[in-house]
Amino acid sequence: MPARPSAHRSFRKNTARKVVRHLRDAYPDAGCALVHRSAFELLIATILSAQCTDARVNQVTSDLFRKVRSPADFARLPLAKLEKAIRSTGFFRNKARNIKACCQMLVENYDGRIPRDLDQLVTLPGIGRKTANVVLGTAFGLATGVVVDTHVARLSRRLGLTDAKDPQKIEQDLIRLIPRTEWVDFSHRMIHHGRQVCGARKPRCDACSMQQFCPKNGLIPSG
Ligand code: SF4
């Protein structure tokens, strides 16, 4: 017989509490892996990180941010030069176009500053809800939502915190389950756990502190 909705909800809530606790113990200092010195640099690095590793983005930005520093600098930079500088991050034409348009809007509408508001941030070219949550949470300490990247999505499903596939729906499930004060750290820690233990292809359940209660949804039992 299927579980009653209220029993299902309280099971998820209970699991979420355990996940938050275990992740906090395992990764007390987990933070953003994208190197940045300001909210603006984090914004650019996050745009570049789409379909690209953080290590590659850090390589590219360590050089880029030495030469081009502010929204005004990026707005002035010829498109071809920007494309060349970020080429190795993939989808470079699209990213360069978005970065230029985003920086132009920052200069024209926000005096070159990053707005501390989710609704305003998502109106900037190339900035979706995920990027906005990353910047507001990591650079300003504002918990406006839960960052759902590929790791957070995969782990949330495996741990039974959501059945959804769409990142926005996953985020809504997580927002209901995780205390707001934990939203920012929760994402950083899930990403660390996804990289270090619960990989996409070969999760190392034997080495995972959550294996006692993790339902391992979507995984084919071995042996
Ligand atoms: S027990 Fe396995 S599937 Fe569950 S979180 Fe840990 S590594 Fe991932």
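Above this text is the structure in question.
The shown structure was predicted, so the numbers you read here are calculated from the model rather than taken from an experiment. (Residues numbered from 1 in each chain as written. Predicted model: local features only at pLDDT ≥ 70, side-chain atom pairs only at ≥ 80, totals over all residues. Heavy atoms only, no water.)

K.L.:
Can you lay out the packing of helix 1 (residues 5–26) against helix 11 (residues 183–196) for me, pointing to particular residues and giving the numbers?
P.N.:
Packed helices, taken two at a time, are described by the angle their axes make and the gap between the axes. Remark: helix 1 packs on helix 11, axes separated minimally by 10 Å, with the N-to-C direction vectors making an angle of 70°. Classified by the angle between their axes, helix 1 and helix 11 sit roughly perpendicular to one another. Mapping the contact onto sequence places Val-19, Val-20, Leu-23 and Arg-24 in helix 1 and Phe-186, Arg-189, Met-190 and His-193 in helix 11. Classifying every residue of the contact of helix 1 with helix 11 by side-chain character gives five nonpolar, one polar and two charged. (Axes fitted to C-alpha atoms, helices over the stretch in contact; angles between N-to-C directions. Helix = DSSP H or I, 4+ residues; strand = E, 2+ residues; numbered from the N terminus. Parallel < 35°, antiparallel > 145°, perpendicular 65-115°, else oblique. Contact = heavy atoms within 4.5 Å. Nonpolar A, V, L, I, M, F, W, Y, C, P; charged D, E, K, R; others polar.)

K.L.:
So what about the site of the ligand? Which residues, and what values?
P.N.:
Inspection of the region around the ligand gives Arg-158, Leu-159, Cys-198, Cys-205, Cys-208, Gln-211, Cys-214, Lys-216 and Leu-219 as its neighbouring residues. Classifying every residue of the shell around the ligand gives six nonpolar, one polar and two charged. (Near = heavy atom within 4 Å.)

K.L.:
Residue-level account of helix 1, with values.
P.N.:
Taking 1.5 Å per residue, 22 residues should reach 32 Å; helix 1 reaches 31 Å between its end C-alpha atoms and fits that length. Burial in helix 1 covers these residues: Arg-12, Thr-15, Ala-16, Val-19, Val-20 and Leu-23. Mapping the buried residues of helix 1 onto a view down its axis gives an arc of 145°, with all of them on the same face. Seen from the buried face of helix 1, the exposed residues on the opposite side, beyond 90 degrees, are Arg-17 and Asp-25. Each element contacted by the buried residues of helix 1 is listed here: helix 10 (167–177) and helix 11. (Expected span 1.5 Å × (residues − 1). Buried < 20%, exposed > 50% of the residue type's maximum accessible area, 1.4 Å probe, protein only. Arc of directions from axis to C-beta.)

K.L.:
Can you break down the pattern of salt bridges residue by residue, with the values?
P.N.:
In the structure shown here, the tally under the stated rule is eleven salt bridges. Between Arg-76 and Asp-73 there is a salt bridge, with the nearest N and O atoms lying 3.0 Å from each other. Here Arg-76 pairs with Asp-73, and both are found in helix 4 (residues 71–76), just three residues apart, close to one helical turn. Judged by relative accessible area, which is 23%, Asp-73 ranks as partly exposed. Glu-171 is the salt-bridge partner of Arg-129, the closest N and O atoms lying 2.7 Å from each other. One end of the pair, Arg-129, is in helix 8 (residues 129–140); the other, Glu-171, is in helix 10, with 42 residues separating them in the sequence. In this structure, a network of salt bridges that share partners links the residues Asp-63, Arg-66 and Lys-67. (Salt bridge = Lys/Arg side-chain N within 4 Å of Asp/Glu carboxyl O.)

K.L.:
Go over the nonpolar core with me, naming the residues and quoting the values.
P.N.:
Residues Phe-74, Ile-86, Ile-99 and Ile-114 are the most contacted members of the largest nonpolar core, which totals 37 residues. At the level of secondary structure, the elements contributing two or more residues to this core comprise helix 2 (39–48), helix 3 (54–67), helix 4, helix 5 (79–86), helix 6 (92–110), helix 7 (118–121) and helix 8. If one sorts the elements of this core by residue count, helix 2 sits on top with eight residues. When near neighbours in sequence (up to four residues on either side) are disregarded, Phe-74 contacts Phe-40, Ile-44, Leu-64, Phe-65, Val-68, Leu-82, Ile-99, Lys-100 and Cys-103. (Core = buried A, V, L, I, M, F, W, Y, C linked by side-chain atoms within 4.5 Å.)

K.L.:
How would you summarise the packing of helix 1 against helix 10 if you had to cite specific residues and measurements?
P.N.:
Put simply, helix 1 and helix 10 touch, their axes get as near as 9 Å, and they point 80° apart. In this view, helix 1 runs roughly perpendicular relative to helix 10, as classed from their interaxial angle. Residue-level inspection shows Arg-12, Lys-13 and Ala-16 of helix 1 in contact with helix 10, the latter providing Asp-173, Arg-176 and Leu-177. Looking at the contact of helix 1 with helix 10 residue by residue, the classes come out as two nonpolar, no polar and four charged.

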